[in-house]
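Per-entry structural report
What follows is the residue order along each chain.
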Amino acid sequence: MKVKGFFEDIKGPSNILEIRKEKIKNASPKPVTKDPINELAKKIHPDKVYLTIDSVEQTTATSRTYRFVKSNKYGEDAPEIPIFQAGQYISFKFQIGESWVTRPYSISSAPYQVLENRSKKPFVEVSIRKKDGGFVTEYIWENWKPGTEVMASMAHGQFYYEPLRDADTIVALAGGSGITPFHSMAREICNGKLEAKLILIYGSNFKKEFMFYKEFIDFEKNHPDKIKFVPVLSGEEKGWDGETGFITKDIIKKYTDINNSTFFICGPQVMYKFVEKELNNLKIPRKRIRREVFGEMPDIYSMDDFPNSAKNKKYSIKVHIGKNIVDIEASSSESVLVALERNGIKNDSHCRSGECGFCRSQLLKGEIYVSPENDGRREADKIYGYFHPCSSYPISSLEIRISLA
Ligand code: FES
């Protein structure tokens, strides 16, 4: 910024006023029906985008990477592929039978792959691991092929590197498909678009289950000053001479400067519990630990404070939707959001873990359980009876009001 001196500077705004008056005087009398700035903002940061699957790559026996491009079904003016930060997720919305479901998936491609391809073919990728018996991933496996049209949200989430808040080194502690946001960060770092160092400590049962194994070996080989890759195998494997067991405090200490790093955790529910305990043992302050929060808790009964009296119970839920009332039944093991979806009731949602607030609804009667880790409600919401169905489990019969989706 050029500072010209106090009086010169304060003349700036008054000049603007004069210029504006002049423009208004000479403006066309025709009413302005379009706001180009808002339209551009909506195009770059749309609420929803229509995507087409461009390619599908089998990355391990149980995981695939889906590449999406902008659908050409909705014309030139349709929203563009969303701009995002490495580490964020997009949420897909689709119908399975009678149910409308949403699923958030971390973006595994890098932001520069959207920005630098703007004039060519920008794309975004997500990498999904198939869960045995997983209702949604099995559907995706069967139905998502090149050419499939999918609706998605803009990018969401707070799980990204912020230089003003985070240390220069990101220590990524990942398990399973929790590696995907770090793949995005690593690509961005190796491309010189993100100024940080990344140490990835990645746990898996077997080597064949490692996602992006070869990519991370290459990232490290080509950028040894920026990327360090530490795979950790928990299963026994012949010829493996790397780290074994779980991601313990000893392994973390061995490869990182614990006092000058920010720790990012992403992986299955059991891993969070274990790794957070290890970080606690290392006395890492809470402000230097960041955890990805998307997805429901797969086993809510494993929470220590879940009431025993509510386990294995079914409850009725009276759902007010506008002027209609629908009665449904829900198990205490499923979130209220899942119960709504199972019954074909649409409710807005993105993160499915209590963070984004998109599913915010009103609890008129009854009791819910919300795990402390996924309780993203504001204090005022708790007082005035608002809740997040995605992270709330019925522990009595309920009466709720949801918004029309
Ligand atoms: S979907 Fe994000 S808070 Fe419920």
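Worth saying up front: this structure is predicted, and the values here are computed from it rather than measured.

1. Considering the packing of aromatic side chains
On inspection of all chains with the given rule, the structure shows 18 aromatic pairs. Pairing Phe94 with Trp144 gives two aromatic rings, centres 5.4 Å apart and planes at 70°, and the pair type is edge-to-face. Of this pair, Phe94 sits in strand β3 (residues 89-96) while Trp144 is found in the loop between α4 (135-143) and β6 (149-153), placing the two residues 50 residues apart along the sequence. Among the residues examined, Phe94 registers a relative accessible area of 7% and is labelled buried. Overall, Trp144 belongs to the buried group, its relative accessible area being 3%. Consider the rings of Tyr213 and Phe229, whose centres lie 5.7 Å apart with planes at 70°: the pair is edge-to-face.

2. Considerations on the pairing of strand β14 (residues 324-331)
Relative to β14, strand β13 (residues 314-321) runs antiparallel, the two being bridged by eight bridges. Residue Ile321 lies in a different strand from β14, and its bridge partner there is Asn324. Hairpin geometry of β13 and β14 is characterised by an intervening segment of two residues between the two adjacent antiparallel strands and by a positive phi of about 60° at Gly322.

3. Considerations on the pairing of strand β4 (residues 99-106)
Taking burial as the measure, the eight residues of β4 include seven buried ones, the bulk of the element. Connecting β3 to the next strand, β4, in antiparallel fashion are two residues, including Gly97 with a positive phi near 60°.

4. Focus on the environment of His45
Looking at where His45 falls in the secondary structure, it is placed in the loop between α2 (36-44) and β1 (48-60). In this structure, the C-alpha to C-alpha distance between His45 and Glu80, residues 35 residues apart in sequence, is 8.0 Å.

5. Description of the sheet that holds strand β5 (residues 124-129)
If you walk across this open sheet you meet the six strands as β4-β3-β6-β1-β2-β5, and the pairing is antiparallel. Either end of the sheet is taken by a strand with one partner, and the two such strands are β4 and β5. Neighbour to neighbour, the strand axes of the sheet diverge by 40° on average, direction disregarded. Note that strand β2 (residues 63-70) and β5 share six bridges and pair antiparallel. Residue pairing for β5: Arg64 is matched across the bridge by Ile128. In this fold α4 packs onto β1, β2, β3, β4 and β5, with an angle of close to 80° to the strand it touches most, β3.

6. A word on a negative patch on the surface
A contiguous patch of negative charge, built from Asp35, Glu39, Glu76 and Asp77, is present on the exposed surface. Mapped onto the elements, Glu39 comes out in helix α2.

7. Some remarks on helix α8 (residues 269-281)
Helix length check: α8 (13 residues) gives 19 Å between terminal C-alpha atoms against 18 Å at 1.5 Å per residue, within 8%. Those residues of α8 hidden inside the fold are in contact with β7 (169-175), α7 (249-255), β11 (261-266) and β12 (289-291). One or two residues past the end of α8 sits Lys283, with phi positive at roughly 60°.

Here is what the cut-offs are and how they apply
- Sequence order as written defines residue numbering, which begins from 1 separately in each chain.
- Restriction of local features to residues with pLDDT of at least 70 applies here, the model being predicted, together with a cutoff of 80 or more for giving and counting side-chain atom pairs; totals for whole chains, interfaces and linings are based on all residues.
- Side-chain descriptors were evaluated using all non-hydrogen atoms of the structure, hydrogens and water having been removed beforehand.
- Ring pairs shown here join Phe, Tyr and Trp side chains whose ring centres sit within 6.5 Å, with only the six-membered ring taken for Trp; geometry is labelled stacked below 30 degrees between planes, edge-to-face above 60, and tilted in between.
- Secondary structure follows DSSP: runs of H or I at least 4 residues long count as helices, runs of E at least 2 residues long count as strands, and numbering of each begins at the N terminus.
- Exposure is judged per residue with a 1.4 Å probe applied to protein chains only, and the accessible area is read against the type maximum: over 50% gives exposed, under 20% gives buried, and values in between give partly exposed.
- Whether two strands pair depends on DSSP finding at least two bridges between them.
- Axis angles are defined between N-to-C directions and span 0 to 180 degrees, where every axis is a line fitted to C-alpha atoms and, for a helix, only to the segment in contact.
- Any two residues whose heavy atoms approach within 4.5 Å are treated as being in contact.
- A patch consists of residues whose relative accessible area exceeds 30% and which take part in no salt bridge; residues with like charges are grouped when within 9 Å of each other, and nonpolar side chains (Val, Leu, Ile, Met, Phe, Trp, Tyr) when within 5 Å.
- Surface accessibility follows the Shrake-Rupley procedure with a 1.4 Å probe radius. Residue values consider only the protein chains on display as shielding.
- Any carboxyl oxygen of Asp or Glu within 4 Å of a side-chain nitrogen of Lys or Arg constitutes a salt bridge here.
- The positive count covers Lys and Arg only, the negative count covers Asp and Glu only, and His and the chain ends enter neither.
- Charged side chains are reduced to one point each, which is NZ for Lys, CZ for Arg, CG for Asp and CD for Glu.
- Here the expected length of a helix is defined as 1.5 Å per residue gap, with one fewer gap than residues.

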